[in-house]
Amino acid sequence: MCHNKFIKNLIVFFCVIFFTNQFSYAQHRNFDLGIMLGTSQYNGDVNMTKPFYSPQPTIAFLVKKNFNTHYSIRFCATFGNLKADDSDFKHVYQEKRNFYFDNTRIIELSSGIEFNFLEITNEKKAHNFSPYVTFNLGFMYMEDIKWYETFDIPMGLGLKYKISPRFEIRTEWAFRKTFSDKLDQLADQANDGFLQYKQISFNKTKDWFSVAGISLLFNFSEDKLPCHIYEQRKYNNAKKK
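Rules used in this analysis
- Residues numbered from 1 in each chain as written.
- Predicted model: local features only at pLDDT ≥ 70, side-chain atom pairs only at ≥ 80, totals over all residues.
- Heavy atoms only, no water.
- Buried < 20%, exposed > 50% of the residue type's maximum accessible area, 1.4 Å probe, protein only.
- Helix = DSSP H or I, 4+ residues; strand = E, 2+ residues; numbered from the N terminus.
- Pairing = 2+ DSSP bridges.
- Axes fitted to C-alpha atoms, helices over the stretch in contact; angles between N-to-C directions.
- Patch = residues over 30% accessible without salt bridge, like charges linked within 9 Å, V, L, I, M, F, W, Y side chains within 5 Å.
- Areas by Shrake-Rupley, 256 points an atom, 1.4 Å probe, with all protein chains shown as cover.
- Salt bridge = Lys/Arg side-chain N within 4 Å of Asp/Glu carboxyl O.

(A) Highlighting the pairing of strand β7 (residues 167-178). By the alternation rule, side chains of β7 split into Glu168, Arg170, Glu172, Ala174, Arg176 and Thr178, which are all buried, and Phe167, Ile169, Thr171, Trp173, Phe175 and Lys177, of which none is buried. Of the strand pairs in this sheet, strand β6 (residues 151-162) and β7 are connected by eleven bridges, and their pairing is antiparallel. Across the sheet, Lys160 pairs through a bridge with Arg170, a residue of β7. Hairpin connection, β6 to β7: the antiparallel pair is bridged by four residues.

Now the structure itself:
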């Protein structure tokens, strides 16, 4: 059942990506393709305070369409895992609950806007570094969650550096606001013994997770580099006027 919901959401998602890319392609044939290696971290009923807790290996693939030196639209596919253990915390409730999970696998597809605070170009060495922010909409595939719980909102910040006209290296940390309380697989209530009817999950709050990593991107651009002789002539002509 969850698989069918994931396929339906996937079709809708790729339709949005297709029409967005068609528009951006008509505007500017300039895009990046890259890979990210990093970690994913869980925040929820088990880990409520630590921002970089129990990092797990994560890989992501990124396609980015550049509108200009500041704005881009991006599409990202992320594959990771989440893990947490009550024994890592000293809260009395968690000591009694004594819950542990390590098999929450996440497949996430997202798309959104990326904004550079400084100009990034392929030609000028003075414009090869910038901090940036990103805001996206996406959905994730997990077992045993309802269709509306598959959506999430990735948002984060990073630093990027153009090591050459074609290659860019970056580091990024982005948090995911989810609409599910099941990333940790905790039940709403205990079912047996003296714990019956005891709430073990804070079901009024939703779980979060974050992804941090380092990416390497390659730029595919049909734009020709400017002719420096021509640019010098324009400057001289303007100066004479």
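After that view, the rundown keeps rolling.
(B) Main features of the sheet that holds β7. Pairing is antiparallel around the closed barrel formed by eight strands, whose spatial order is β1-β2-β3-β4-β5-β6-β7-β8. Each strand axis lies, on average, 25° off the axis of its neighbour in the sheet, ignoring direction. As paired elements, strand β2 (residues 56-66) and strand β3 (residues 71-85) share eight bridges and run antiparallel to each other. Opposite Ala60, over in β3, you have Thr78 as the bridge partner.

(C) Focus on a nonpolar patch on the surface. Together, Phe117, Leu118, Phe129, Val133, Leu157, Leu159, Tyr161, Ile163, Phe167, Ile169, Ile214 and Leu216 make up an exposed nonpolar region whose accessible area comes to about 1100 Å². Broken down by secondary-structure element, the contributors of at least two residues to the nonpolar patch are β5 (129-141), β6, β7 and β8 (208-221). For the nonpolar patch, the element with the highest residue contribution is β6, accounting for three residues. Of note, Leu216 is situated in strand β8.

(D) Seen up close, unusual backbone geometry. The backbone of Asn98 shows a phi angle near 55°, a positive value even though the residue is not glycine. Mapped onto the secondary structure, Asn98 falls in the loop between α2 (92-97) and β4 (100-116). One non-glycine residue, Gln185, lies in positive phi territory at about 65°. Along the polypeptide, Gln185 turns up in the loop between β7 and β8. Taking the relative accessible area as the measure of exposure, Gln185 reaches 41% and is therefore partly exposed.

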